[in-house]
Amino acid sequence: MKIDVLAELAQTLEQRKAAAPDSSYVASLHAKGLNKILEKVGEESVETIIAAKDSVTSGDKQDVIYETADLWFHTLVMLSHLDLGPEDVLHELARRFNLSGLEEKASRTK
């Protein structure tokens, strides 16, 4: 049986969203608001970048995986806070199949 990790995690995040802030890390982030969640996404982005850079010299990619998992997790918390989910991002990625990245970027309106 294949488990859809993103869907399962999104469901758990939605449940924790309404929990008491002192009972759940996710609930505490939601209680602190979007700015705190975005701060965590930014922090995890930087840590992921540093881990990727360090992996080139060390040859150890475990930290890249660990930090990317943290980044994805906090990004999913952000999406949840905005009443979005991983399926919204997956639909957008699917839309981009067979579309040149240059064409896709040029088609965006500012």
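Owing to the predicted nature of the structure, the values given are computational and were not obtained by experimental measurement. (Residues numbered from 1 in each chain as written. Predicted model: local features only at pLDDT ≥ 70, side-chain atom pairs only at ≥ 80, totals over all residues. Heavy atoms only, no water.)

### A word on the side chain of Ser 55
- Position of Ser 55 among the secondary structure elements: in helix α3 (residues 34-58).
- In contact with Ser 55, not counting residues within four places along its chain, are Asp 60, Lys 61 and Val 64. (Helix = DSSP H or I, 4+ residues; strand = E, 2+ residues; numbered from the N terminus. Contact = heavy atoms within 4.5 Å.)

### What about helix α2 (residues 25-32)?
- By the burial criterion, the buried members of α2 are Val 26, Ala 27, Ser 28, Leu 29 and His 30.
- Each element contacted by the buried residues of α2 is listed here: α1 (5-17), α3 and α4 (62-81).
- Of the residues flanking the end of α2, it is Gly 33, one or two places downstream, whose phi is positive at about 100°. (Buried < 20%, exposed > 50% of the residue type's maximum accessible area, 1.4 Å probe, protein only.)

### Re the nonpolar core
- Listed in full, the ten residues of the largest apolar core are Leu 13, Val 26, Leu 29, Ile 37, Val 41, Leu 71, Leu 76, Val 77, Met 78 and Leu 79.
- Taken together, the elements giving at least two residues each to this core come down to α2, α3 and α4.
- Considering each element in turn, this core owes the most residues, five residues, to α4.
- If we skip the residues at most four places from it in the chain, Leu 71 touches Val 41, Glu 44, Ser 45 and Thr 48. (Core = buried A, V, L, I, M, F, W, Y, C linked by side-chain atoms within 4.5 Å.)

### Comments concerning the pattern of salt bridges
- Evaluated as defined, the whole model comprises seven salt bridges.
- Close ionic contact of Glu 39 with Lys 36 constitutes a salt bridge, the shortest N to O distance being 3.0 Å. Of this pair, Glu 39 and Lys 36 both sit in helix α3, separated by three residues, roughly a single helical turn.
- Judged by relative accessible area, which is 46%, Glu 39 ranks as partly exposed.
- In this structure, Lys 40 and Glu 44 form a salt bridge, with 3.8 Å as the shortest nitrogen-oxygen distance. Here Lys 40 pairs with Glu 44, and both are found in helix α3, just four residues apart, close to one helical turn. For the pair Lys 40 and Glu 44, one class covers both residues: buried.
- Put simply, Glu 14, Lys 17 and Asp 83 are held in one network by salt bridges that share partners. (Salt bridge = Lys/Arg side-chain N within 4 Å of Asp/Glu carboxyl O.)

### Brief notes about the side chain of Ser 24
- On the secondary structure map, Ser 24 appears in the loop between α1 and α2.
- At 3.2 Å, the side chain of Ser 24 forms a polar contact with the backbone nitrogen of Val 26.
- A distance of 3.1 Å separates the side chain of Ser 24 from the backbone nitrogen of Ala 27, its partner in a polar contact.
- Those residues within four positions of Ser 24 in sequence are excluded, and the remaining contacts are Arg 16 and Ala 19. (Polar contact = N/O pair within 3.5 Å; in protein donor to acceptor, adjacent residues only side chain to side chain.)

### Notes on the confidence of the model for the protein
- Here the protein averages 92 in pLDDT, while 95% of its residues score no lower than 70.
- When the elements of the protein are averaged for pLDDT, helix α6 (residues 101-107) gives the smallest value, 72, and α4 the largest, 98. (pLDDT = per-residue confidence, 0-100.)

### Examining unusual backbone geometry
- We note that Asp 83 has phi near 60°; this positive angle belongs to a residue other than glycine.
- Checked against the element boundaries, Asp 83 lands in the loop between α4 and α5 (86-95).

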